[in-house]
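Listed below, chain by chain, are the residues.
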Amino acid sequence: MGEHTKALGYHMEALEMWKNFYNDGHPSVATSLNNIGSIYKAMGEHTKALGYHMEALEMWKNFYNDGHPSVATSLNNIGGIYMAAFTMQWVSTRRHWGTTWRHSK
């Protein structure tokens, strides 16, 4: 987890630099938001990840049109978060019921 924290720090610093250099709606800001969302996803913090990816998606849509590859990338990342969250929930439920079932025999 330490490397994720380091990476997050660098991406947060880059985000602030991009925001100071450009306005909030610039593609470089959206890219930083996307990167931060990806780190949070890797850390298992899906709610935070989703927020960053959704913000990036809105910026991409405002800067480009709905058919732009960056919009597609954001949609893909958001889908990946929902899939990862579902998988974690499924594994947790399976572990619980597997343990309960074994103890009931």
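In the block above lies the structure referred to throughout.
Residues numbered from 1 in each chain as written. Predicted model: local features only at pLDDT ≥ 70, side-chain atom pairs only at ≥ 80, totals over all residues. Heavy atoms only, no water.

**Q** Could you give me a rundown of the overall build of the protein, with the residues and numbers involved?
**A** In terms of regular secondary structure, the protein is built from 4 helices and 0 strands. The helix and strand sequence of the protein, counted from the amino end, reads α-α-α-α. The long-range share in the protein, meaning contacts at least 24 apart out of those at least 6 apart in sequence, stands at 54%. Total accessible area on the protein stands at roughly 7,100 Å², and carbon and sulfur atoms take up 58% of it. (Helix = DSSP H or I, 4+ residues; strand = E, 2+ residues; numbered from the N terminus. Contact = heavy atoms within 4.5 Å. Areas by Shrake-Rupley, 256 points an atom, 1.4 Å probe, with all protein chains shown as cover.)

**Q** Before we move on, could you go through the pattern of salt bridges and cite the residues and values that matter?
**A** Within this structure, the stated rule accounts for 2 salt bridges. As a salt-bridge pair, lysine 6 and glutamate 3 come within 3.7 Å of each other at their nearest N and O atoms. Highlighted residues: lysine 6 and glutamate 3, both in helix H1 (residues 2-21), separated by 3 residues, approximately one helical turn. We classify glutamate 3 as exposed; its relative accessible area is 58%. Here lysine 48 and glutamate 45 are joined by a salt bridge, their closest N and O atoms 3.2 Å apart. You can call lysine 48 partly exposed: its relative accessible area is 43%. (Salt bridge = Lys/Arg side-chain N within 4 Å of Asp/Glu carboxyl O. Buried < 20%, exposed > 50% of the residue type's maximum accessible area, 1.4 Å probe, protein only.)

**Q** Any details on the packing of aromatic side chains? Residues and values, ideally.
**A** Two aromatic rings, taken as a pair, are described by how far apart their centres are and by the angle between their planes. Within the structure shown, the criterion is met by 5 aromatic pairs. Relative to tyrosine 22, the ring of phenylalanine 21 has its centre 4.8 Å away and its plane inclined at 80°; by these criteria the two rings are edge-to-face. On the basis of relative accessibility, which here comes to 61%, the residue phenylalanine 21 falls in the exposed class. Taking 5.0 Å as the distance between ring centres and 85° as the angle between the ring planes, the aromatic pair formed by phenylalanine 63 and tyrosine 64 counts as edge-to-face. We classify phenylalanine 63 as partly exposed; its relative accessible area is 45%. Judged by its relative accessible area of 30%, tyrosine 64 is partly exposed. (Phe/Tyr/Trp six-rings, centres within 6.5 Å; stacked < 30°, edge-to-face > 60°.)

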